Amino acid sequence: MSTAGLEPLHAALRAAALRGKAAEMRAYMRNQFDFLGLPTPLRRAAAKPWLKAQKGAGAAALLQLADTLWAEPQREYQYLAIDLLAMHWKELALKELPALLALARKKSWWDTVDGLASLVGQVLRGSHEGMDDALAHEDFWLRRIALLHQLGWRDAVDEARLFRYCLNQAHEQEFFIRKAIGWALRDYARHRPQAVRAFLDAAGAQLSPLSYREAARHLD
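Everything quoted here is computed from the prediction, not taken from an experiment. (Residues numbered from 1 in each chain as written. Predicted model: local features only at pLDDT ≥ 70, side-chain atom pairs only at ≥ 80, totals over all residues. Heavy atoms only, no water.)

Novice: Residue-level account of the overall build of the protein, with values.
Specialist: Along its length, the protein carries 13 helices and zero strands. In the protein, the succession of α and β elements from N to C terminus is α-α-α-α-α-α-α-α-α-α-α-α-α. In terms of C-alpha radius of gyration, the protein reaches 19 Å, essentially the compact-globule figure of 17 Å for 220 residues. Overall size of the protein, expressed as C-alpha extent along the three principal axes, is 55 × 35 × 30 Å. Counting over 220 residues, the protein shows a buried share of 51%. At a minimum sequence separation of 6, the contacts of the protein that also span at least 24 residues come to 67%. Of the accessible surface of the protein, which amounts to about 10500 Å², a share of 54% is contributed by carbon and sulfur atoms. Looking at the protein, you have 30 positive and 25 negative side-chain charges, and the mean spots of the two groups are 5 Å apart. (Helix = DSSP H or I, 4+ residues; strand = E, 2+ residues; numbered from the N terminus. Rg over C-alpha atoms; globule rule 2.2 N^0.38 Å. Buried < 20%, exposed > 50% of the residue type's maximum accessible area, 1.4 Å probe, protein only. Contact = heavy atoms within 4.5 Å. Areas by Shrake-Rupley, 256 points an atom, 1.4 Å probe, with all protein chains shown as cover. Lys, Arg positive; Asp, Glu negative; His and termini not counted. Charge placed at Lys NZ, Arg CZ, Asp CG, Glu CD.)

Printed below as a string of structure tokens:
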């Protein structure tokens, strides 16, 4: 879809934007992106009619829309692309995984990557297709997605895979990888604290202090 075809959406977002918030939001993201000035609740409320209207569009159309939104300069459009795909994730199949990972490599920062990690976790539907390759990728943002794709899976988590992925990346110096290791373990600890405690007791010395601290945050 062309940018012109999205003009009603653009108009709704501009009308809802809080101009005074744009600079604040830009500063929070270290001045890497421009913003319209739309906090999440306002963005979703303004876009809700348009988002709902895309139901049944099909995977190809949804991904084309997401690509178009991703090309917009203001960061809210990337968030909106993720909102779109998350709302209609049941229309996406495993064959769309490469397209989702490709989005993660454009205008990459934790905000969009983590949103896509959650979406990938839904689309995988309990499988782990492509995640070994993502973990071995040169782009650390894809490695972060591999580490986080099981967030919220609770008893569906592949425990051995989770621990293996964490140890595989334990040597990394990148802050966002170290943080992801801790986050993935902390999330699983909410469901199986004994298992995470045993893992930390056995292999915690291999983790960075940041990863260990995050993983153990809610453990006794």
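Novice: Would you mind going over helix α1 (residues 7-16) in detail, with residue names and values included?
Specialist: For α1, every residue scored as buried is listed here: L9, H10 and L13. All buried residues of α1 project into a common sector of 100 degrees when viewed along the axis, lining one side. In this structure, α1 carries P8 and A15 as exposed residues pointing more than 90 degrees from its buried face. Structurally, α1 contributes buried residues whose contacts are with α3 (40-53), α4 (59-70) and α5 (75-87). (Arc of directions from axis to C-beta.)

Novice: A description of the pattern of salt bridges should follow, citing residues and the corresponding values.
Specialist: Close approach of charged atoms allows side chains with opposite charge to pair. Going through the model one piece at a time under the given rule, you end up with 18 salt bridges. Taking the shortest distance from any N to any O, the salt bridge between E7 and R14 comes out at 2.5 Å. Look at R14 and you get partly exposed, because its relative accessible area is 37%. The partner of R75 in a salt bridge is D111, and the shortest N-O contact between them spans 2.7 Å. (Salt bridge = Lys/Arg side-chain N within 4 Å of Asp/Glu carboxyl O.)

Novice: Which residues make up the packing of aromatic side chains, and what are the values?
Specialist: Across all of its chains, the model carries nine aromatic pairs by this definition. Geometrically, the ring pair formed by F35 and Y79 is tilted, given 6.4 Å between the ring centres and 50 degrees between the ring planes. Of this pair, F35 sits in the loop between α2 (19-28) and α3 while Y79 sits in helix α5, placing them 44 residues apart in sequence. Here F35 and Y79 have matching classes, each one buried. For the pair F175 and F176, a centre-to-centre distance of 5.2 Å together with 80 degrees between the ring planes defines the contact as edge-to-face. Note on F175: relative accessible area 43%, which makes it partly exposed. Three or more aromatic residues joined by ring pairs make a cluster, and in this case those are W109, F140, W141, F175 and F176. Taking NZ or CZ as reference, R75 lies 3.6 Å from the ring centre of F33, over its face. (Phe/Tyr/Trp six-rings, centres within 6.5 Å; stacked < 30°, edge-to-face > 60°. Lys NZ or Arg CZ within 6 Å of the ring centre and 35° of its normal.)

Novice: Lay out helix α7 (residues 110-124) with the relevant residues and their values.
Specialist: The end-to-end C-alpha distance of α7, which contains 15 residues, comes to 20 Å, matching closely the 21 Å that a straight helix rising 1.5 Å per residue would cover. Buried residues dominate α7, accounting for 11 of its 15 residues. Of the residues making up α7, those classed as buried are D111, T112, V113, D114, L116, A117, L119, V120, G121, V123 and L124. Residues of α7 that are buried sit in contact with α4, α5, α6 (97-104), α8 (131-135), α9 (140-148) and α11 (175-189). (Expected span 1.5 Å × (residues − 1).)

Novice: Mind laying out the environment of A59, listing which residues take part and the relevant values?
Specialist: Topologically, A59 is positioned in helix α4. Taking the relative accessible area as the measure of exposure, A59 reaches 12% and is therefore buried. The spatial distance from the C-alpha of A59 to the C-alpha of P193 is 38 Å, given a sequence separation of 134 residues. Sequence-distant contacts of A59, defined by excluding residues within four places in its chain, comprise E91, L92 and E96.

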